[in-house]
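Here is how the chains run, residue by residue.
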Amino acid sequence: MRSPHVDKPSLRCAFLLKELNVRFIINKGGRDGAHHRVRRREDGSGDPRRGERSGQILRGAIAFFAERGFGGQTRELAQQLGISQGLLYRYFPTKEDLLFTLMLEHMEALLAAWRDGDPAGAGPVARLSAFVENHIAFHLARRHSTHVSNMELRSLSPGRLTRILKLRTAYE
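Here is what the cut-offs are and how they apply
Residues numbered from 1 in each chain as written. Predicted model: local features only at pLDDT ≥ 70, side-chain atom pairs only at ≥ 80, totals over all residues. Heavy atoms only, no water. Patch = residues over 30% accessible without salt bridge, like charges linked within 9 Å, V, L, I, M, F, W, Y side chains within 5 Å. Areas by Shrake-Rupley, 256 points an atom, 1.4 Å probe, with all protein chains shown as cover. Salt bridge = Lys/Arg side-chain N within 4 Å of Asp/Glu carboxyl O. Helix = DSSP H or I, 4+ residues; strand = E, 2+ residues; numbered from the N terminus. Buried < 20%, exposed > 50% of the residue type's maximum accessible area, 1.4 Å probe, protein only. Core = buried A, V, L, I, M, F, W, Y, C linked by side-chain atoms within 4.5 Å. Contact = heavy atoms within 4.5 Å. Polar contact = N/O pair within 3.5 Å; in protein donor to acceptor, adjacent residues only side chain to side chain.

Nonpolar side chains collect at one region of the surface, where Leu 128, Val 132, Ile 136 and Leu 140 lie side by side and expose about 390 Å² of accessible area between them. When you line up the elements, Leu 140 lands in helix H6 (residues 124–141). With a relative accessible area of 59%, Leu 140 lands in the exposed category.

As structure tokens, this is what we get:
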């Protein structure tokens, strides 16, 4: 019996779909599991990162990366969360996927907090005051996430780093 494998073009295709934020699941076919077919689901139900478990992983990863940095072992993270390393990879195929998701959610929440707190019709002094207050309150409430988002930028691939930096520029 042949050993199951995925050829490099299939891996590139799956990565590209993931980068484009396309929700997908991989169905294994064939007797040996070597054939893969990507099927999109419009409702997002094929995206394993949705739901309570992914939230648990993200919350645990924030504390883990804040304490140990990106160099910490995923095996240790999974053990700390009380899950298997395989389950961790089911939700986040790479450690960078996990880090990027953390940073992306942090920046999106920061932008949303300012959109909600921006007194758009007020004068410049009132807006600046509201911005500073919002900025400090947000970062105090999310100390670990802020630490990870600032200290681990170096751990992102160039494309993902660019995406996070664009969000930071939009905020600033």
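Right, let's talk about the pattern of salt bridges for a bit. Overall, the coordinates contain five salt bridges when judged by the stated rule. Measuring nitrogen to oxygen at the nearest pair gives 3.4 Å for the salt bridge that ties Glu 76 to Arg 68. Overall, Arg 68 belongs to the partly exposed group, its relative accessible area being 39%. Two residues, Arg 127 and Asp 118, come together in a salt bridge whose shortest N-O distance is 2.8 Å. For Arg 127, a relative accessible area of 32% corresponds to the partly exposed category. Relative accessible area serves as the criterion here: at 22%, Asp 118 is assigned to the partly exposed category. Each of Glu 67, Arg 68 and Glu 76 takes part in a single network of salt bridges with overlapping partners.

This paragraph deals with the nonpolar core. Ile 57, Phe 65, Leu 98 and Ile 164 are the most contacted members of the largest nonpolar core, which has 32 residues in total. Looking at this core, the elements that each hand over two or more residues are helix H2 (52–68), helix H3 (74–81), helix H4 (85–91), helix H5 (95–117), H6 and helix H8 (158–171). Tallying contributions element by element places H5 first for this core, with 10 residues. Sequence-distant contacts of Leu 98, defined by excluding residues within four places in its chain, comprise Ile 57, Leu 58, Ala 61, Phe 65, Leu 77, Leu 88 and Phe 92.

You can see Gly 71 is positioned in the loop between H2 and H3. Between the C-alpha atom of Gly 71 and that of Glu 152, which follows or precedes it by 81 residues, the distance is 9.8 Å.

Let us look at the side chain of Glu 152. Turning to its location among the elements, Glu 152 is positioned in the loop between helix H7 (143–151) and H8. Look at Glu 152 and you get buried, because its relative accessible area is 5%. Within the structure, Glu 152 has its side chain in polar contact with the backbone nitrogen of Phe 70 (distance 3.2 Å). Every residue in contact with Glu 152, bar those within four places of it in the chain, is listed here: Gly 69, Phe 70, Leu 99 and Met 103.

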